[in-house]
Amino acid sequence: RHVADFQLSIASVTEGSSSDCLAQDLNLQAQKLAERLKCDAVVSEISAGPGTVNFTINRELLARTVLQQVLKDGSEYGVKSELFSTVPRQKAVIEFSSPNIAKKFHIGHLRSTIVGNFIANLKVALGHEVIRINYLGDWGMQFGLLAVGFQRFGNKDKLKSSPLQHLFEVYVQINKAAEDENTKKLAKDFFRKLEEHDEQPLSLWKQFRDFSIEEYIRIYKRLGVHFDEYSGESFYQEKSQEVLKMLEDKGLLQKTVKGTGIVDLSEKKDLSSFSTVMHSDGTSLYITRQFLIISFRDLAAAIDRMNKHSWDTMIYVTDKSQSNHFQHLFQILKLMGYDWAERCQHVSFGLVQGMKTRRGEVIFLEDVLNEVRSRMLQNMASAKTTKEIEDPMDTAEKVGLAALIIQDFRGLLSSDYQFSWDRALQSHGDTGVFLQYTHARLHSLEQMHGNEQLTDVNVACLQEPSAISVLQHLLRYDEVLYRSSQDLQPKHIVSYLLTL
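Here we summarise the structure given alongside this text. (Residues numbered from 1 in each chain as written. Predicted model: local features only at pLDDT ≥ 70, side-chain atom pairs only at ≥ 80, totals over all residues. Heavy atoms only, no water.)

1. Digging into the nonpolar core
Ranked by internal contacts, the top residues of the largest apolar core, which has 83 residues, are L110, I119, V317 and L404. Take this core: its biggest share by element is nine residues, from helix α9 (residues 199-223). Among all residues touching L110, those that are not within four sequence positions of it are F105, L223, M355, L365, V368 and L404. Judged by nonpolar contacts, the second largest core, of 33 residues, contains V243, W311, F326 and F330. (Core = buried A, V, L, I, M, F, W, Y, C linked by side-chain atoms within 4.5 Å. Buried < 20%, exposed > 50% of the residue type's maximum accessible area, 1.4 Å probe, protein only. Helix = DSSP H or I, 4+ residues; strand = E, 2+ residues; numbered from the N terminus. Contact = heavy atoms within 4.5 Å.)

Have a look at this one:
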C-alpha cells in the first residue's frame, strides 16, 4: 500500500480546535481541497485521506535530484545542505577522556573518549574549528605517594616499556603501606618539594607524566583518537593563585567557622547554595571532580583557554555524576564577570555496567582494545562466510571497535546501560559488526562494477518501492546531521545508518 510522501492535516489549518469539526466535515473539506489542487513537475499525485490531503512527489525527479546531489557533493553530502547555511562557523574547545596518571582507566574514561571524539569529528565535518584537549589528573598528593612507591618498588625499564601498568602496580603496592606514618611523611615531603619546583622531584614527576602521555598517544591511535593539547592540573598551579586573589578581590570568597573557603551561589545570597573551593588550611583542592567541590585549577583552566584560544564554545565530556560540579563551575565563572561562561557546556553520559575482560575488571583502555580484537578474531575464525584477509588482526580490531562504539551510541548518552560482549559483537541485527560488513559489501560492489565517476544516471531503473525508500532515506540525511549537531547525540546518526 502506497503511503503519501507528505500529508496536510485539514484540522491544522481550520480555524478553531479540531474537536469543533466533525470528522465527516474534515473529510469533505479534504476531498474538496484535493480536487482544487493541481499536479505539477514536482507533485505527481494529490489525493484525499481521512481528514488529510496527500501528496506524492514525482519519482523520477526525486531519484534524479537526490543522486545528482550525492554525485556533486561526494563525501560532503548532507554537510552542504541549506540547513547549515545560516549556522555560523565557530571555534570549539572540547575537553574529553582525561584519565588520572597511575590510576585505572575506568569505563567512564572510555565513554568520555569516544563521545568526545564523536562531537569533535562532527563539528570538524560541519566546518567548525576544534581544539581537542586531554586534561590529565597529573598533580596532587598522590604523586608524593607514587614517588615514594617508585623509590621502593619501581623499575626504570618497566617505566619506559609499560608506564601506565607499572605506575598503577607501584601505586597499588604503596597504598597498602600508606597507613605507615613514615610513608605518609615521606609522601608529603616529596609533594611539598614538587610544589616548590625542587629539581629532583620535578624530574621524576616529569618522567611519570611524559612516559604516560607517550603510551596514551599510542593507545589512542588504535582508537582513531588524537588530541591537540595534553593539559593537566599541574599547568595551573600558579594560575590558581591568581584565581584565588580574583575571588578575594571581588568579595566572592567567604570563610566558614571552620575556615573552609566557599563561594555563595544562591540568588538571595543566603548560602542556601554554595561551592567549596578551599581547605581550612588554605590549600586549594586537588582531586575535586568526584565531589561537589570546585578547584581553582578548573577555574584557571577555563580562563586560560579563553585567553589562549578565544573560543566560541567550550564543551566538557564527563559522566553525569559530575553535572553539579560543572553547573557550579559555570556559575562561579559568571559571578567572576566572565559572561562567556554561558557558552560553556557539559555533555554528560550514563554508567556502563558489566564491561569485563576475560581476566576480570577493566583497568586499562588497552585491556578493552585487546579484548575486542581477541573476541572478534575468534568470531571471524568460527564464521563460515569469513574470507581470507591480509591482516586479520587489524580487521578484527577495526570491526570490533565499531561494534563497541555503535552499542554505546545507540541510546541516549545520559542513559545507563548493561554491556554485553555477545550482543555487541553479533554479526546480524542492529550492531556495529553488521554495519561494517554492509560497508565492506558496498565497497566490493564498487570494485566489481568499476569505480569510475558517474556523470549521469538512468532514473527509470529506480522506480520500484525499495529503491524509492532508499532515495527518500538519503534525502533525510542532512536533517539527521542537523539534529545531532544541535543536541550532540550520536544516536540520530546511528539509527539513520542502521535503518539505511
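2. Here's the deal with helix α12 (residues 323-335)
Given 3.6 residues to a turn, an α-helix orients residues that are three or four positions apart in the same direction. Relative to the 18 Å expected for 13 residues at 1.5 Å per residue, α12 spans 19 Å between its end C-alpha atoms, a close match to the ideal helical length. Those residues of α12 that sit buried are H325, F326, H328, L329, F330, I332 and L333. Looking at the residues trailing α12, positive phi occurs at G337, about 100 degrees. (Expected span 1.5 Å × (residues − 1).)

3. Brief notes about the side chain of E229
Inspection of the secondary structure assignment puts E229 in strand β6 (residues 229-232). A relative accessible area of 17% means that E229 is categorised as buried. Leave out the neighbours within four places in its chain, and E229 touches I131, R132, I133, N134, K308 and H309.

4. Observations regarding the sheet that holds strand β11 (residues 344-349)
What the five strands build is an open sheet, ordered β6-β5-β4-β10-β11; its pairing is parallel. This sheet does not close on itself; its edge strands, each paired only once, are β6 and β11. Neighbour-to-neighbour, the strand axes of the sheet open up by a mean angle of 25 degrees, direction not taken into account. (Pairing = 2+ DSSP bridges. Axes fitted to C-alpha atoms, helices over the stretch in contact; angles between N-to-C directions.)

5. A look at the sheet that holds strand β2 (residues 43-49)
Strand order in this open sheet of three strands is β1-β3-β2, and the pairing throughout is antiparallel. Each edge of the sheet is formed by a strand with only one pairing partner; in this case those strands are β1 (6-9) and β2. Averaged over all pairs of adjacent strands, the angle between strand axes in this sheet comes to 20 degrees, irrespective of strand direction. Looking at chain direction, β2 and strand β3 (residues 52-57) are connected through six bridges and run antiparallel. Bridging across to β3, E45 finds its partner in T56. Lying on the sheet, helix α2 (residues 23-36) is in contact with β1, β2 and β3; it crosses β2 at an angle near 160 degrees.

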